[in-house]
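Below are the chains, spelled out letter by letter.
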Amino acid sequence: MARRFVAPLTESEQQTLTSTYHHGEKRALCRRAHAILLSDQGHTIDQISEVLQVRRDAVSRWLKQWEASGLDGLIDKPRSGRMPILDEHDHQRLQELVPEQPHQIRSLQARLQEETGKTVSTVTLRRALKKNRHSFKRIRHSLKARRNETDFRNTQGLLKALHQGEDRDEHELYYFDESGFSQSSSVPYAWSPIDKPCEVTAYSHSRRLNVLGFLSRAGKLVYHTTTDLVTTETVIEAFDQFVAKKDPDTFAIVVLDNASMHRSKAFRRKIVEWMSHRVHLVYLSAYSPELNLIEILWRQMKYAWLPLSAYLSFDRLCNAVYRLLGGYGADHAINFE
């Protein structure tokens, strides 16, 4: 059987096909342009079929289309099909309805049907929402609505200046916060076979290991732990230990939130004493947890670093938490840049 190739390409045709192959918007068109170029280079239809992983008759059809109509022959023509159920106006109305009931797709379905008279399945509705750049995900808790944006921006500016001072070795900067670890804590998402999901024992009650930490962007972590309830006295004890461990010649700034324990009379009475040891406190603006960088550490520990085996017993959990805390900066670290 005689081998078939396209007619030799002109320089202009080669440039056009090469540009289409490298920069074409649609993958199918790029592949067809590639096929014509390969044929021009002397590759047989069978060889092109093997390179592009397509059927032989598809390659043959592309060569015929090229010979008949040039590049226009390689471009997909508009295809006939059923008219879409939802028109542009329906999509716009759907976007307006979503904020009213974002968690109830059947309510959206009923409302849209009531207004337009069109029967739309939930599958079609989900497809329309995805097309309009919506996704179905867990609703987030947020304190943004309760905070003062001016105070928030001012605090952001202050923290930026403190970071710059830290980079110039003018002071050390630490972020302070408390967090608790228990067997009933939220466990991370995990990959598992479809018919065998990962499981851990559910505990209605569990002891709690509370960690009070001071974290710097430079990789330093000072922490205090207790299995008792965290009170103002517990926080004061953690700060006293931090002051005792700090280099007495170093000026340290500690950023903390506005929890009641951090604003109590007993705590405020200690501030002057800590300042005499070159430790200065800076409070974040209210309802701004995202500005406290140590929150990132707590999330990483709970959702990424702790092994699932840690939840088998409280002792295992405590040992795993202690290993993570003790190994921070060596075994695990966070790049705040």
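Predicted, not measured: the structure shown is a model, and the values here were computed from it. (Residues numbered from 1 in each chain as written. Predicted model: local features only at pLDDT ≥ 70, side-chain atom pairs only at ≥ 80, totals over all residues. Heavy atoms only, no water.)

Caption draft 1: Quick look at the sheet that holds strand β3 (residues 221-226). Taken together, five strands build an open sheet; the order of strands is β3-β2-β1-β4-β5 and the sheet is mixed. Looking at strand neighbours, the two that pair on one side only are β3 and β5 (279-283), the edges of this open sheet. Looking at each pair of strands side by side, their axes are set apart by 25 degrees on average, direction ignored. Pairing of strand β1 (residues 172-182) with strand β4 (residues 252-256), which is carried by four bridges, proceeds in the parallel orientation. (Pairing = 2+ DSSP bridges. Helix = DSSP H or I, 4+ residues; strand = E, 2+ residues; numbered from the N terminus. Axes fitted to C-alpha atoms, helices over the stretch in contact; angles between N-to-C directions.)

Caption draft 2: Fine view of the pairing of β1. The element β1 is extensively covered by neighbouring structure, given that 11 of its 11 residues are classed as buried. The alternating pattern of β1 places Glu 172, Tyr 174, Phe 176, Glu 178, Gly 180 and Ser 182 and Leu 173, Tyr 175, Asp 177, Ser 179 and Phe 181 on opposite faces, both of which are buried. Note: β1 against strand β2 (residues 208-216), nine bridges, orientation antiparallel. Pairing of Phe 181 across the sheet is with Leu 209, part of β2. (Buried < 20%, exposed > 50% of the residue type's maximum accessible area, 1.4 Å probe, protein only.)

Caption draft 3: Structural detail: the pairing of β5. With respect to burial, β5 is a largely interior element, four of its five residues being buried. As paired strands, β4 and β5 are joined by five bridges and run parallel to one another. Across the sheet, residue Val 254 finds its bridge partner in β5, namely Leu 281.

Caption draft 4: Structural view of the layout of surface pockets. By volume, the second largest pocket amounts to about 450 Å³. Lining the second largest pocket are 16 residues, and of these Pro 102, Leu 129, Ser 135, Phe 136 and Lys 137 sit closest to its centre. At the level of elements, α6 (105-116) and α7 (122-131) are the ones that each hand at least two residues to the lining of the second largest pocket. Ranked by residues supplied to the lining of the second largest pocket, first place goes to α7 with three residues. The residue makeup of the lining of the second largest pocket, split by class, is seven nonpolar, four polar and five charged. (1 Å grid on protein atoms, 1.4 Å probe; cavity = no way out; pocket = protein on both sides within 12 Å on 5 of 7 lines; lining within 4 Å. Points joined across faces, edges and corners; volume = space filled by probe spheres on them. Nonpolar A, V, L, I, M, F, W, Y, C, P; charged D, E, K, R; others polar.)

Caption draft 5: Just the packing of aromatic side chains, in detail. Under the criterion given, the structure shown has 10 aromatic pairs. Judged by centre distance (5.2 Å) and plane angle (65 degrees), the ring pair of Phe 267 and Trp 274 falls under edge-to-face. Connected via pairs of aromatic rings, a cluster forms that spans Tyr 174, Phe 176, Phe 214, Phe 239, Phe 242, Phe 267 and Trp 274. Lying over the aromatic face of Phe 181, Lys 302 brings its terminal NZ or CZ to 5.3 Å of the ring centre. (Phe/Tyr/Trp six-rings, centres within 6.5 Å; stacked < 30°, edge-to-face > 60°. Lys NZ or Arg CZ within 6 Å of the ring centre and 35° of its normal.)

Caption draft 6: Layout of the confidence of the model for the protein chain. For the protein chain, per-residue confidence averages 90 on the pLDDT scale, and residues scoring 70 or more make up 97% of the total. Put simply, α6 is where the protein chain has its lowest mean pLDDT, 87, and β4 is where it has its highest, 98. (pLDDT = per-residue confidence, 0-100.)

Caption draft 7: Representation of the packing of helix α5 (residues 88-97) against α6. Direction vectors running N to C along α5 and α6 enclose 135 degrees, while the axes themselves pass 11 Å from each other. Our classification of the angle between α5 and α6 gives oblique. Judged by the sense of rotation from one axis to the other, the crossing of α5 with α6 is right-handed. Contacts between α5 and α6 involve Asp 90, Arg 93, Leu 94 and Leu 97 on the former and, on the latter, Leu 108, Arg 111, Leu 112, Glu 115 and Thr 116. Of the residues in the contact of α5 with α6, the class split is four nonpolar, one polar and four charged. (Parallel < 35°, antiparallel > 145°, perpendicular 65-115°, else oblique. Left-handed = near helix turned anticlockwise from the far one by under 90°. Contact = heavy atoms within 4.5 Å.)

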